[in-house]
Amino acid sequence: MPYLADENRYEKMQYNYTGNSGLKLPAVSLGLWHNFGGIDTLENARKMLRKAFDLGINHFDLANNYGPPAGSAEETMGILMKKDFRPYRDQLIISSKAGYYMWPGPYGNWGSRKYLISSLDQSLQRMGLDYVDIFYHHRPDPDTPLTETIGALKQIQDQGKALYVGISNYNSQQTKKAVKVAENMGVDLLLNQYNYSIFDRWSEKENLLETLEEAGMGSIIYSPLAQGLLTDKYLDGIPANSRAAKESGSLKKDSITEKKLEKIRELNQIAVDRDQSLSQMALAWVLDQGATSVLVGASKVEQIIENVGSLNNIEFTNDELAAIEAITAK
């Protein structure tokens, strides 16, 4: 049977304006970094995307190198666009990025015009799309002039290959420089996508949120759950099937000390008192700081349902915020 989206989906989600633009993003967006690649089950990916959209998540975030293997998450998105989501294309926000290693040679990495434009052309082909809604430069390039990188984003936007353009993993100073160059070129940078969570506060030290607000930009946050630490998964230690238990994972086992586990348990108690799971409270906390949207990953439908449930309580008392600060400061 053909997929018919839930008629009430937009009543289940909160949508926030992105910076000074007219674009609204769902408070919870779905990232296809893991579990949507060629090594994963297509039917599970299909179930997750369907459920996400039925819950009002109309923003799917990708990058050229998501998989594994690299490029395969976009291929999955292309298959599911054709099977399920083509009738809803004008209701979807689909984003991609380029900036990390993608192919051999001097033109498959960083931020040159050659790389960014070639990469997006490949991404569009993989997804079977004429355009993406948002295209990001994925990380600052220390060697390519910003005028070239931002110029490539302008060319991409002028050609209609992306409706909006943004940056990712730029710190406050780098953001200010990019905004200045973009303004001189007549480009509006829509968003900065970066990592932020109760445990990861580097952006606070730089007042990055304030920088984005002054520039009229939005903020979309990845790893709001600190790569799974801010879930109930680690309340009883490090489970064998967790990301931290896998030697090749991005979350290292030796970084999860007993002190960190104790903090997780204390934070969980605050969440319980708020009638939330720890992951729901962690997402709500990031939104409470002023983020436009939080990017969540998922390996099963139930996680998406739980994450959207965070929107049932996104306000914090001063005492709750002070308690969270006291725990993280230990």
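As shown above, the structure is provided for reference.
This section reports on the structure supplied with the text.

Procedures and definitions
- Residues numbered from 1 in each chain as written.
- Predicted model: local features only at pLDDT ≥ 70, side-chain atom pairs only at ≥ 80, totals over all residues.
- Heavy atoms only, no water.
- Helix = DSSP H or I, 4+ residues; strand = E, 2+ residues; numbered from the N terminus.
- Rg over C-alpha atoms; globule rule 2.2 N^0.38 Å.
- Buried < 20%, exposed > 50% of the residue type's maximum accessible area, 1.4 Å probe, protein only.
- Contact = heavy atoms within 4.5 Å.
- Areas by Shrake-Rupley, 256 points an atom, 1.4 Å probe, with all protein chains shown as cover.
- Lys, Arg positive; Asp, Glu negative; His and termini not counted.
- Charge placed at Lys NZ, Arg CZ, Asp CG, Glu CD.
- Pairing = 2+ DSSP bridges.
- Axes fitted to C-alpha atoms, helices over the stretch in contact; angles between N-to-C directions.
- Phe/Tyr/Trp six-rings, centres within 6.5 Å; stacked < 30°, edge-to-face > 60°.
- Arc of directions from axis to C-beta.
- Core = buried A, V, L, I, M, F, W, Y, C linked by side-chain atoms within 4.5 Å.
- Salt bridge = Lys/Arg side-chain N within 4 Å of Asp/Glu carboxyl O.
- Right-handed = clockwise from strand over helix to strand, strands pointing away.

Re the overall build of the protein chain
Then, in step 1: Across its full length, the protein chain holds 11 helices and 10 strands.
Then, in step 2: Computed over its C-alpha atoms, the radius of gyration of the protein chain comes to 19 Å, within 12% of the 20 Å expected for a compact globule of 330 residues.
Then, in step 3: Counting only C-alpha atoms and orienting by the principal axes, one finds that the protein chain spans roughly 50 × 50 × 40 Å.
Then, in step 4: Across the 330 residues that make up the protein chain, the buried fraction comes to 55%.
Then, in step 5: Sequence separation of at least 24 residues holds for 75% of the intrachain contacts in the protein chain that already meet a minimum separation of 6.
Then, in step 6: Summed over its atoms, the accessible surface of the protein chain is roughly 14800 Å², and 48% of this surface lies on carbon and sulfur atoms.
Then, in step 7: One way to put it: in the protein chain the 35 positive side-chain charges average out to a point 5 Å from where the 42 negative ones average out.

Comments concerning the sheet that holds strand β4 (residues 59-61)
Then, in step 1: In space, the eight strands of this closed barrel follow the order β3-β4-β5-β6-β7-β8-β9-β10, with parallel pairing throughout. With direction set aside, neighbouring strand axes in the sheet form an average angle of 30 degrees.
Then, in step 2: Taken together, the five bridges between strand β8 (residues 189-195) and strand β9 (residues 218-222) define a ladder with parallel strand orientation. Looking at β9, one finds that N195 is bridged to Y222.
Then, in step 3: The strands touched by helix α4 (residues 146-158) are β6 (132-137), β7 (162-168) and β8; relative to β7, the strand with the most contacts, the crossing angle is about 160 degrees.

Points about the packing of aromatic side chains
Then, in step 1: All told, the structure shown has nine aromatic pairs when counted by the stated rule.
Then, in step 2: Ring centres of F53 and F85 lie 5.9 Å apart, and the angle between their planes is 80 degrees; on these two criteria the pair is classed as edge-to-face. Of this pair, F53 sits in helix α1 (residues 42-54) while F85 is found in helix α2 (residues 72-85), placing the two residues 32 residues apart along the sequence. F85 matches F53 in its accessibility class, with the two residues each being buried.
Then, in step 3: A ring pair is formed by Y196 and W285, whose centres lie 5.4 Å apart and whose planes are at 55 degrees; its orientation type is tilted.

Regarding the environment of G31
Then, in step 1: Along the chain, G31 turns up in strand β3 (residues 28-31).
Then, in step 2: Exposure remark for G31: the relative accessible area of 12% places this residue in the buried category.
Then, in step 3: The sequence separation of G31 and D61 amounts to 30 residues, and the corresponding C-alpha distance is 4.7 Å.
Then, in step 4: Filtering out sequence-adjacent residues up to four positions away, G31 remains in contact with F36, D61, L295, V296 and G297.

Here we look at helix α7 (residues 208-215)
Then, in step 1: Among the residues making up α7, those that are buried are L208, L209, T211 and L212. Down the axis of α7, the sector holding all buried residues measures 160 degrees, keeping them to one side. What points out from α7, more than 90 degrees from its buried face, is the exposed set E213 and E214.
Then, in step 2: On the buried face of α7, the contacting elements are α5 (172-185), β8, α6 (202-205) and β9.
Then, in step 3: Downstream of α7 by a residue or two, G216 has a phi angle that is positive, lying close to 75 degrees.

Looking at the nonpolar core
General note: in soluble globular proteins, nonpolar side chains tend to be found buried as a group.
Then, in step 1: Ranked by size, the top nonpolar core spans 92 residues in total, and within it L30, F60 and L189 carry the most contacts.
Then, in step 2: No other element matches helix α9 (residues 278-288), which puts eight residues into this core.
Then, in step 3: Once residues within four sequence positions are removed from consideration, L30 is found in contact with F36, L49, A52, I57, H59, F60, D61, L295, V296, A298 and I304.

Some details on unusual backbone geometry
Then, in step 1: Omega for the peptide link from G67 to P68 comes to -5 degrees, which places this bond in the cis form.
Then, in step 2: Here the bond from P68 into P69 is cis, since omega is -10 degrees, no more than 30 degrees from zero.
Then, in step 3: If you trace the backbone, P69 turns up in the loop between β4 and α2.
Then, in step 4: Phi is positive for Q227, close to 55 degrees, though the residue is something other than glycine.
Then, in step 5: Residue position: Q227 is located in the loop between β9 and α8 (258-273).
Then, in step 6: Even without being a glycine, D275 presents a positive backbone phi close to 65 degrees.
Then, in step 7: Tracing the backbone shows D275 in the loop between α8 and α9.
Then, in step 8: Here D275 falls in the exposed class, since its relative accessible area comes to 71%.

Observations concerning the pattern of salt bridges
Then, in step 1: Taken as a whole, this structure holds 15 salt bridges when the rule is applied.
Then, in step 2: Here the residues in one salt-bridge network are E43, R46, R50 and D84, joined through shared partners.

Structural notes on the pairing of β3
Then, in step 1: Where burial is concerned, the two faces of β3 agree: the one with V28 and L30 and the one with S29 and G31 are both buried.
Then, in step 2: The sheet contact formed by β3 and strand β10 (residues 293-296) spans three bridges and is parallel. What sits directly across from L30, in β10, is V296.
Then, in step 3: Handedness of the β3-α1-β4 crossover: right-handed.

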